[in-house]
Amino acid sequence: MRQFLLFISVVIVGLLFTARLFYLQVYASDSYSLYEDNAIRKVYKYPKRGFVYDRNGELLVANQPSYDVMVIPREVKPLDTLEFCQLLKIDKEQFNKQLEKAKNYSYRLPYVFVSQLSKEDYAILQEKMRKYEGFYIQKRSLRQYETTIGANVLGDIGEVNNAIINKDPYYKMGDLIGKQGVEASYEDILRGKKGIQFIQKDRFNRNIAPYKNGTYDTLPEPGKDITITIDAKLQAYGELLMQHKRGGIIAIEPQTGEILAMISAPTYDPNALVGRKRSKNFTKLFYDTIAKPLFNRSLQGVYEPGSPFKLLTGLIALQEDVIDTSEKITCYTGYKYGNRFMKCHCASGTRNDIISAIEKSCNAYFASTYRRILDKNGNASLGINRWSDHLKSFGLGNFLNNDLNVGQPGRVPDREYYRRIYPNTFYSTYTISNSIGQGEVATTPIQLANVVAAIANRGHYFTPHIIKSISGDTIPSKYKTPIHTTIDKKHFDPVVEGMFEVYNKGTASSLKVEGIDICGKTGTVENFTKIDGKHTQLTDHSIFVAFAPKDNPKIAIAVFVENGYWGSRFAGKIASLMIEKYIKGTISRTDLEHWLLTHSLEDEYAKPYSGEPFGINRQAKLQVIPVDKEALKIYEDNNKKL
Amino acid sequence: MLRKTDRHFKFDWITIILFFLLVGFGWLNILSASHTGETLDYFNFQDPYSKQLIFIMLSVVLIIITLSIDAKFYERFSSIIYMVALLSLVGVFIFGKTINGATSWYNLGVMTFQPSEFAKAATALAVAKYISDLNTDLKYFKDQLKVFIIIAIPAILILLQNDTGSTLVYAAFFFVLYREGLPTIYLISALLVIIIAILTLKFGIIITTITAVVSVLAYHFTRRKKPSIIQTTLIILAAILFSFAIRYAYNTIIPAHQKDRISIWLRLEKDPSELRKMRQTVAYNLNESEKAISSGGFSGKGFLEGTRTTGKFVPEQHTDYIFTTVGEEWGFIGTFGVVLIFVLLIIRILHLSELQKSQFSRAYGYAVASIFFIHFMINIGMVMGLIPTIGIPLPLFSYGGSGLWGFTILLFIFIKLDSNKINEW
């Protein structure tokens, strides 16, 4: 027995070691990756980010160098802190705090002491830099917005967050990524590809030598430039007109689906989100929960469409063959259904066919055609589903599936939708508000603009998109494929005729533009909010849709102005001016322009927050302001650059 | 009658081959752990890999000398060799040089020399000599005491040099003594001491006391021939007292850094912020060494390709932590190979020892096997976090002239003794 004690001990220890080694090296060890090895420093070489041009080749977004002051605490020698602080525009306290932070991070490693100096500060600092040992300047690339327009379109770039880093291994801590707008939707194209350099480091994190003499290193690939469909001049003009108002505008070229202008008001200067001021400004914009400048109203604003929706009711009625173009329906200042009544502006006894019904925006006409659509086969449940399918063929009720990184599906109800409210019986009268674009239907400005484009094209549309071309690449073919609606081409002519009459002698006759045949439709939409939990009505939204010219249309537009009251009061004027601006390049209706620049809705927006009782619509007094000189100057400066 | 040519083959070539395998593979890893990236210069006498190459060459000279000396010399002069070793250990206190807090070196100008590495072989000879004396019987306490003193003197001298790791090596002689007749009660006591110490530190005195009382009483009542109640009570009291002693020693006597090592090993620290701090300080080595071994995976990153080795992430990598280089660059295949060679070497020595005709040779062989075993167990166990950090080299593998020569002499004296067994009829 005695001779085996050591023998057994040796064998046991041998087995134990083998088991432990197996655990460490085989069981618990991940397959080796150079990228995961923390003995190897990965130095990324950042490529140039692609530029963004407008449809006419005007440069909108470029890059600018920025300068970070770096510090290596170990190498810092006593210095003239007073002068240094002045150069960096910081105070002594900040200086000490930053140095302390850098020391806590590491004595040997560079730390960002002051980030993103301006070119001017850099120029002054550069000459004196050699005096400050341990400090040096590192160059980075930031975005440079050539004009102040299109913050919502262009978007911005910012540092990646952990969620993205965990999802996509391409991104590392501190990398920049497109956060909104085209910066986000074309991130992959604009960013290019990082180059990488592997460096062997030691346990103090110091570089020793290139790993394997740089065999695995790669060079950066520059990002591609893109041209977007936006017409910068039109965009700038729209933003000017929307000063002191809230709402959204979308203009589309019907023949291509290209978005000519995408305006969300209020907006902000995209340069505010660049450099040192980014985080401060972003916080300010983000926490403005009343005006919501970061909320893209033209894409995300879900509104009841109002009267422009009557165009769709008319089209569906024609397609479903429940009316014909010659049939006239009498309006008795409204529409009576059961014991309820829907009011209308028509004089009692007016007899409207479809063209004059659109021109006069007759509620009674569309209420009765809506009922006919639903009751066609005596079953309103099937009827509403058929109605719903027609609407969906216009791109309503769903995301447009395009290259804009935000959006809303809006709402197109069907029988299933109403099942909760009307589980058993279902009659067409239950949902009659839908006929005039109130009730349960809801759309975003871009969806409505797309409907107008489809009408302008007499039956088809192209998915609205923002990309025009990518240098050295093609754009997806889905943006070049027409999507046909369920309405036959021939049914569009009377509706277009009605829209033309709106300008000729109808609700928008005051908005005519010499030399352009515009087809349009006004909308005035009731809306409500909750004030202290109380359902309160606010001044109506002003809505307008239009396209022009009538034949061979070049532009289709939808304008939403929140609480602007009736359609032609704000939205109609803006739509007419935008059309004229785009087609002619100059403005003949300077009276409309002047009116818009001197009328503000800011008082209106302040009302619900004032805590005082307030009047709406007719009882509300319109606020008159002097022309905003500053806004005008910004507009002119932008125009000079374009 | 032996023919003349057979003389060369009397040496146990298996042991010699295993020896050179370890030395050679060890040197490759020292090269990897210590080269600075520039072109290799094997004879610059500056870099550890270059120095070790010289040490290895000189060790061949030592081997030839050791094997040339008559086998009887080692037995006859063992006492004198032992005395010389003790004197050299004492001399360090007067002429010595302090490295890493341990005063264990003589400065010889071109190199430093660590007498404690040679004292192991000297003590092994002395112990073997004493045990093999016909008058010695380890059943008797008087003889036990004498042999303990022989072992304790160098051990205490080394402890006074502040080299705790090398002191612990002297525990290896327990295996020799047990093989040669030390009563089993010592083995049981040693095991109990270890169990009580771990229980006390990990679970506290109360649980240890309860465990001791329950197990001793269970033993008491299950025995057919009842031990006396007084004896049982004394054992329990001794256990409890010992438990208190351990706690006291841990809290007040042992130095802070050793306390931390035990704390890490038994995972006594639970506070996450303290643990994080430890990972940067006392646990840094262990953390880095486990990472390096683990990063090698099954087949390793390849010779001279270890990124953590090249980056010198593991401190003391070419000396005590040389095994991490094997782990990183040669993977599981390499580490398993090293473990296997050590196990084979130790078992081979044990096997040869049992074949010895003289008790002196057998006891000496056992001492050699035990010393190799203790070094192997503590070093590799420490590097992998299985036992607390104790700084002793991996025999024949780690960088260092004194260590290499000490083990070379230790082993080759035995090879010489073994080759001579035919003459001991």
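In this text, all values refer to a predicted model and were calculated from it rather than measured experimentally.

Looking at the overall build of chain B
- Secondary structure assignment for chain B yields 18 helices and three strands.
- Looking at chain B residue by residue over its 425 residues, the buried ones come to 43%.
- Excluding contacts between residues fewer than 6 apart, the proportion of contacts in chain B whose partners are at least 24 apart in sequence is 69%.

Remarks on the overall build of chain A
- Across its full length, chain A holds 22 helices and 24 strands.
- Going through the 642 residues of chain A one by one, you find that 42% of them count as buried.
- Contacts in chain A between residues at least 24 apart in sequence constitute 71% of all its contacts with a sequence separation of at least 6.

A few points about the sheet that holds strand β3 (residues 112–113) of chain B
- Across the sheet, three strands lie side by side as β1-β2-β3 (chain B); this open sheet has antiparallel pairing. This sheet does not close on itself; its edge strands, each paired only once, are β1 (97–99) and β3 of chain B.

Things to note about the nonpolar core
Residues and elements named next belong to chain A.
- Counting residues in hydrophobic clusters, the biggest one holds 122 residues, and the most contacted among them are A251, A449, V452, I557, V559 and M578.
- It is helix α17 (residues 445–456) that provides the largest number of residues to this core, a total of nine residues.
- Mapping this core onto the domain boundaries places at least three of its residues in each of domain 1 (44–228) and domain 2 (232–267 + 296–641).
- Not counting chain neighbours up to four residues away, the residues in contact with I557 comprise I249, I250, A251, A449, V452, V545, A546, F547, A575, M578 and I579.

Side note on the interface of chain A and chain B
- Contacts between the two partners involve 30 residues from chain A, matched on the other side by 36 residues from chain B.
- Contributing elements (two or more residues each) for the side of chain A that touches chain B: α1 (5–27), β8 (195–201) and β9 (207–210) of chain A.
- Broken down by element, the residue count for the side of chain A that touches chain B peaks at 15 residues, all from α1 of chain A.
- A breakdown of the residues in the side of chain A that touches chain B according to their chemical character gives 16 nonpolar, eight polar and six charged.

A look at the sheet that holds strand β1 (residues 40–45) of chain A
Residue and element names in this part refer to chain A.
- Across the sheet, which stays open at both edges, the three strands sit in the order β1-β8-β9 with antiparallel pairing between neighbours. The open sheet has two free edges, formed respectively by β1 and β9, since each of these has just one partner strand. Averaged over all pairs of adjacent strands, the angle between strand axes in this sheet comes to 40°, irrespective of strand direction.
- Sheet topology places β8 next to β9; three bridges connect them, and they run antiparallel. Note on β9: the bridge partner recorded for Q200 is A209.

Regarding helix α15 (residues 380–392) of chain A
Residues and elements named next belong to chain A.
- Along its 13 residues, α15 runs 18 Å from first to last C-alpha, staying within 8% of the 18 Å computed at 1.5 Å per residue.
- When we look at burial in α15, the residues that qualify are A380, G383, I384, W387, S388, H390 and L391. The buried residues of α15 occupy one face: seen down the axis, they fall within an arc of 160°.

Details of the packing of helix α16 (residues 322–355) of chain B against helix α17 (residues 359–383) of chain B
Residue and element names in this part refer to chain B.
- Their axes nearest at 9 Å, the elements α16 and α17 cross at an angle of 160°. It follows that α16 is roughly antiparallel to α17 by the angle criterion. With respect to the hand of their crossing, α16 and α17 are arranged in left-handed fashion. Facing F323, T324, V339, F342, L345, I346, I349, L350, L352 and S353 of α16, the residues of α17 in contact are R362, G365, Y366, V368, A369, F372, F373, F376, N379, I380 and V383.
- Class assignment for the residues of the contact of α16 with α17 results in 16 nonpolar, four polar and one charged.

With respect to the environment of F175 of chain B
- Among the structural elements, F175 of chain B can be located in helix α8 (residues 173–179).
- Here the alpha-carbon distance between F175 of chain B and L187 of chain B, two residues twelve residues apart in the chain, equals 9.3 Å.
- Setting aside anything within four residues of it in sequence, one finds F175 of chain B in contact with L5 and L6 of chain A together with Y366 and S370 of chain B.

Topic: unusual backbone geometry
- P266 of chain A follows A265 of chain A through a cis peptide bond whose omega is 0°.
- Considering the arrangement of structural elements, one finds P266 of chain A in the loop between β12 (258–265) and α10 (278–286).
- A cis amide bond links A548 of chain A to the next residue, P549 of chain A, at an omega of -15°.
- Note that P549 of chain A resides in the loop between β21 (534–548) and β22 (555–561).
- The backbone of H244 of chain A sits at a positive phi, close to 65°, despite the residue not being glycine.
- Note on placement: H244 of chain A falls in the loop between α9 (232–241) and β11 (247–253).
- A tally of 20 C-beta atoms within 10 Å means that H244 of chain A is categorised as buried.
- In this structure, K312 of chain B is a non-glycine residue whose phi angle is positive, near 55°.

Remarks on the confidence of the model for chain B
Residue and element names in this part refer to chain B.
- Of all residues in chain B, 96% have pLDDT values of 70 or greater, and the mean over the chain is 89.
- Mean pLDDT across the secondary structure elements of chain B bottoms out at helix α13 (residues 272–280), with 78, and peaks at α16, with 96.
- Taken together, the stretch residues 1–5 has pLDDT below 50 and engages in zero contacts with residues farther than four places along the chain or on a different chain.
- Here the predicted complex carries an ipTM of 0.93, next to a pTM of 0.67.

Remarks on the environment of F373 of chain B
- Structurally, F373 of chain B can be placed in helix α17.
- Since 24 C-beta atoms lie within 10 Å of it, F373 of chain B is described here as buried.
- Here the alpha-carbon distance between F373 of chain B and F342 of chain B, two residues 31 residues apart in the chain, equals 8.2 Å.
- Residues within four places of F373 of chain B in sequence aside, it is in contact with L6, S9 and V10 of chain A together with A172 and I346 of chain B.

As for the environment of I475 of chain A
- Locating I475 of chain A in the fold gives a position in the loop between β18 (467–470) and β19 (483–484).
- Excluding residues within four positions of it along the chain, I475 of chain A makes contact with I467, S469 and I470 of chain A.

Conventions adopted
- Residues numbered from 1 in each chain as written.
- Chains lettered and ligands numbered in written order.
- Predicted model: local features only at pLDDT ≥ 70, side-chain atom pairs only at ≥ 80, totals over all residues.
- Helix = DSSP H or I, 4+ residues; strand = E, 2+ residues; numbered from the N terminus.
- Buried ≥ 20, exposed ≤ 12 C-beta atoms within 10 Å, placed from the backbone.
- Contact = placed C-beta atoms within 7 Å.
- Pairing = 2+ DSSP bridges.
- Core = buried A, V, L, I, M, F, W, Y, C linked by C-beta atoms within 7 Å.
- Domains from an automatic or database assignment.
- Nonpolar A, V, L, I, M, F, W, Y, C, P; charged D, E, K, R; others polar.
- Axes fitted to C-alpha atoms, helices over the stretch in contact; angles between N-to-C directions.
- Expected span 1.5 Å × (residues − 1).
- Arc of directions from axis to C-beta.
- Parallel < 35°, antiparallel > 145°, perpendicular 65-115°, else oblique.
- Left-handed = near helix turned anticlockwise from the far one by under 90°.
- pLDDT = per-residue confidence, 0-100.

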